[in-house]
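This is what each chain is made of:
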Amino acid sequence: EYTLNIDLAPTMLSAAGVPVPDVMQGRDVAGMYLGTEEEVERTRGSWRKEFYYEWFTGHKVVIPASLALVSKRSKYIVYPEYGHEELFLLEDDPYEERNVFGTLNSPAAKEIKERFSRMRSHAESGARC
């Protein structure tokens, strides 16, 4: 399961008995290791299977800005300043050496872009992830 830096504050607040504010995007990770076996499995089953990230540096020549949708199976990356897209199938290419975005059929590319757009909108809305 993916735990992210956004999960740290909700986890610490919950451990301290402090309510997690609705404005926080992350989740308390304690449910993945505390509780009965059934409770832990339920939490793991509902946990995120992919995540969206943004990287903005302000210096596109050295390290360009990137937006991505990452799962255990794939990583779709957009470089907005260059209008460039990449897709790596991580099970077959764990070192991200073969960009297969241009070789995808249009329904598969469309599905990935739609998931990316949904995740981006979700993140920008401030909703819990």
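Above: the structure in question.
Residues numbered from 1 in each chain as written. Predicted model: local features only at pLDDT ≥ 70, side-chain atom pairs only at ≥ 80, totals over all residues. Heavy atoms only, no water.

## A few points about the pairing of strand β3 (residues 74-79)
The buried fraction of β3 amounts to six of the six residues, a majority that puts the element mostly inside the structure. The alternating pattern of β3 places Ser74, Tyr76 and Val78 and Lys75, Ile77 and Tyr79 on opposite faces, both of which are buried. Here strand β2 (residues 66-71) pairs with β3 via four bridges, running antiparallel. Bridge pairing in β3 links Val70 to Lys75. Hairpin connection, β2 to β3: the antiparallel pair is bridged by two residues. Where β3 meets strand β4 (residues 84-89), six bridges bridge the pair, whose relative direction is antiparallel. (Buried < 20%, exposed > 50% of the residue type's maximum accessible area, 1.4 Å probe, protein only. Helix = DSSP H or I, 4+ residues; strand = E, 2+ residues; numbered from the N terminus. Pairing = 2+ DSSP bridges.)

## Some points on the nonpolar core
Judged by nonpolar contacts, Tyr52, Leu67, Leu69, Tyr76, Val78, Leu87, Val100, Phe101, Ala109, Ile112 and Phe116 together constitute the single largest core of eleven residues. Among the secondary structure elements, those contributing two or more residues to this core are β2, β3 and α3 (106-125). Top contributing element to this core by residue count: α3, with three residues. When neighbours within four sequence positions are excluded, Tyr76 is seen to be in contact with Leu67, Ala68, Leu69, Glu85, Glu86, Leu87, Phe101, Ile112, Lys113 and Phe116. Among the nonpolar cores identified, the runner-up in size contains nine residues, and Ala68, Val70, Phe88 and Leu90 belong to it. (Core = buried A, V, L, I, M, F, W, Y, C linked by side-chain atoms within 4.5 Å. Contact = heavy atoms within 4.5 Å.)

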